[in-house]
Amino acid sequence: MAASRSDSMSGGRESTVRIGLVLPDVMGTYGDGGNALVLRQRLRMRGHDAEIVEITLSDPVPESLDIYTLGGAEDSAQRLATRHLQRYPGLQRAAAKGAPVLAICAAIQVLGHWYETSTGERVDGVGLIDVTTSPQAKRAIGEVTTTPLLPGLTAALTGFENHRGGTKLGGDATGLAHVTRGVGNGVGDGLEGVVQGSTIGTYMHGPALARNPELADLLLARVLGVDELPPLHLPEVDQLRRERLRA
Ligand code: GLN
């Protein structure tokens, strides 16, 4: 069984870290499920036991996992996911207890107050984060590069974006990063992504954590209740970053 949040906050956890991959059957465009693999691998390379728990549309969402990831989706799949998360609010309960949540693209929209589909229909979201999303005149598609605003991140963030929705942040949410290339949230404030409590959202596919190991380790440090993790030297990750930042 996973350690309780208070165990993990003490930094002395010995139990298996359980990574929730939420609704990969409907949310997971561009290999976003890879974020869970990156988290698991970076934990295992440091000697921690870790496993991925897949939660599909046939499962209620448990509130006991240590960290949750959700991927992007097409409009219709996004709606199924929204309904499921409203019906089984385990993710919202876990986030309220401080469990980190990583939401990619459509998942930002789903976790907000509401979003409008590309046909202009408004759908109530989960209400976990203070954002709303409306379709923009033009689809944002291509490489996105940003400078992080979240304390603890220093390296440029890189991803691939493909979304029609533009996301406006309310007063309880802040931007993850400032856009230097690409569109990001797409509402003219120069921001990319969202941070609110233990939830981090971003439009970056990639998968985001394969391209941005600093973000992966920030999430993992929170899970383990430590300030920072011993570095991993992975030349292939450095090479991927160099290539994508040049692309
Ligand atoms: N359907 C959403 C949009 O176009 C999200 C797309 C995605 O997750 N790639 O804004």
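Residues numbered from 1 in each chain as written. Predicted model: local features only at pLDDT ≥ 70, side-chain atom pairs only at ≥ 80, totals over all residues. Heavy atoms only, no water.

Caption draft 1: Structural detail: the overall build of the protein. On a plain count of helices and strands, the protein comes out with eight helices and twelve strands. Expected size for 247 residues packed as a compact globule is a radius of gyration near 18 Å; at 17 Å, the protein falls within 12% of this value. Along the first, second and third principal axes, the C-alpha atoms of the protein reach 50 × 45 × 30 Å. When each of the 247 residues of the protein is scored for burial, the buried share is 54%. In the protein, the proportion of contacts linking residues at least 24 apart, taken out of those at least 6 apart, comes to 67%. Total accessible area on the protein stands at roughly 10,600 Å², and carbon and sulfur atoms take up 50% of it. Charged side chains in the protein number 24 positive and 28 negative. The centres of these two groups are separated by 3 Å. (Helix = DSSP H or I, 4+ residues; strand = E, 2+ residues; numbered from the N terminus. Rg over C-alpha atoms; globule rule 2.2 N^0.38 Å. Buried < 20%, exposed > 50% of the residue type's maximum accessible area, 1.4 Å probe, protein only. Contact = heavy atoms within 4.5 Å. Areas by Shrake-Rupley, 256 points an atom, 1.4 Å probe, with all protein chains shown as cover. Lys, Arg positive; Asp, Glu negative; His and termini not counted. Charge placed at Lys NZ, Arg CZ, Asp CG, Glu CD.)

Caption draft 2: Main features of the packing of aromatic side chains. Summed over all chains, the structure comprises one aromatic pair. Ring plane angle 75 degrees and centroid distance 5.4 Å describe the contact between Y30 and F160, whose orientation is recorded as edge-to-face. Residue Y30 is located in the loop between β1 (17-22) and α2 (34-44), and its partner F160 is located in strand β8 (residues 157-169); the two are separated by 130 residues in the primary sequence. Taking relative accessible area as the criterion, F160 reaches 23% and is therefore assigned partly exposed. A cation sits over an aromatic face here: R122 above W114, 3.5 Å from the ring centre. (Phe/Tyr/Trp six-rings, centres within 6.5 Å; stacked < 30°, edge-to-face > 60°. Lys NZ or Arg CZ within 6 Å of the ring centre and 35° of its normal.)

Caption draft 3: Summary view of the site of the ligand. As a matter of local geometry, the ligand sits amid 14 residues, with A73, D75, C105, Q109 and G165 nearest to it. Contact distances for the ligand include 3.0 Å between a nitrogen atom and a backbone N or O atom of N162. Here an oxygen atom of the ligand sits 3.0 Å away from a polar atom, N or O, in the main chain of R164. Elements supplying a minimum of two residues to the shell around the ligand: α3 (75-87), α5 (106-111) and β8. A total of four residues in the shell around the ligand trace back to one element, the largest contributor, which is β8. (Near = heavy atom within 4 Å. Polar contact = N/O pair within 3.5 Å; in protein donor to acceptor, adjacent residues only side chain to side chain.)

Caption draft 4: Looking closely at the pattern of salt bridges. Under the definition given, this model contains nine salt bridges. Between R18 and E51 there is a salt bridge; the shortest N-O distance is 3.3 Å. Linking R18 in strand β1 with E51 in strand β2 (residues 50-55), this pair joins segments that are 33 residues apart in sequence. When the shortest N-O distance is used, the salt bridge between E121 and R79 registers 3.1 Å. (Salt bridge = Lys/Arg side-chain N within 4 Å of Asp/Glu carboxyl O.)

Caption draft 5: Summary view of helix α7 (residues 213-224). Taking 1.5 Å per residue as the helical rise, α7 with its twelve residues ought to reach 16 Å, and the 16 Å between its terminal C-alpha atoms agrees with that figure. With ten of twelve residues buried, α7 lies mostly within the body of the structure. Among the residues of α7, P213, L215, A216, D217, L218, L219, L220, A221, V223 and L224 are the ones counted as buried. Within two residues after α7, G225 carries a phi angle of roughly 70 degrees, on the positive side. (Expected span 1.5 Å × (residues − 1).)

Caption draft 6: Molecular detail of the nonpolar core. Counting residues in hydrophobic clusters, the biggest one holds 66 residues, and the most contacted among them are Y68, L85 and L111. No other element matches α7, which puts eight residues into this core. Residues contacting L111, with those up to four places away along its chain left out, are L70, L85, L91, V101, A103, V126, G127, L128, I129 and T199. (Core = buried A, V, L, I, M, F, W, Y, C linked by side-chain atoms within 4.5 Å.)

Caption draft 7: Focus on the sheet that holds strand β3 (residues 67-70). Spatial strand order, β2-β1-β3-β4-β12-β11: six strands in an open sheet with mixed pairing. Of all strands in the sheet, those with a lone pairing partner are β2 and β11 (194-196), marking the two edges. Neighbouring strand axes in the sheet, compared pairwise and without regard to direction, differ in orientation by 15 degrees on average. With four bridges joining them, strand β4 (residues 101-104) and strand β12 (residues 199-202) adopt parallel strand pairing. By the bridge assignment, L102 is partnered in β12 with I200. Across the sheet, α2 touches β1, β2, β3 and β4, and the angle it forms with β2 is around 160 degrees. (Pairing = 2+ DSSP bridges. Axes fitted to C-alpha atoms, helices over the stretch in contact; angles between N-to-C directions.)

Caption draft 8: Inspection of the environment of P135 at higher detail. As for its placement among the helices and strands, P135 is situated in strand β7 (residues 131-148). Sequence-wise, P135 and H163 are 28 residues apart; in three dimensions their C-alpha atoms are separated by 8.8 Å. Non-local contacts of P135, meaning those with residues more than four positions away in its chain, are made with E116, T117, S118, R164 and G165.

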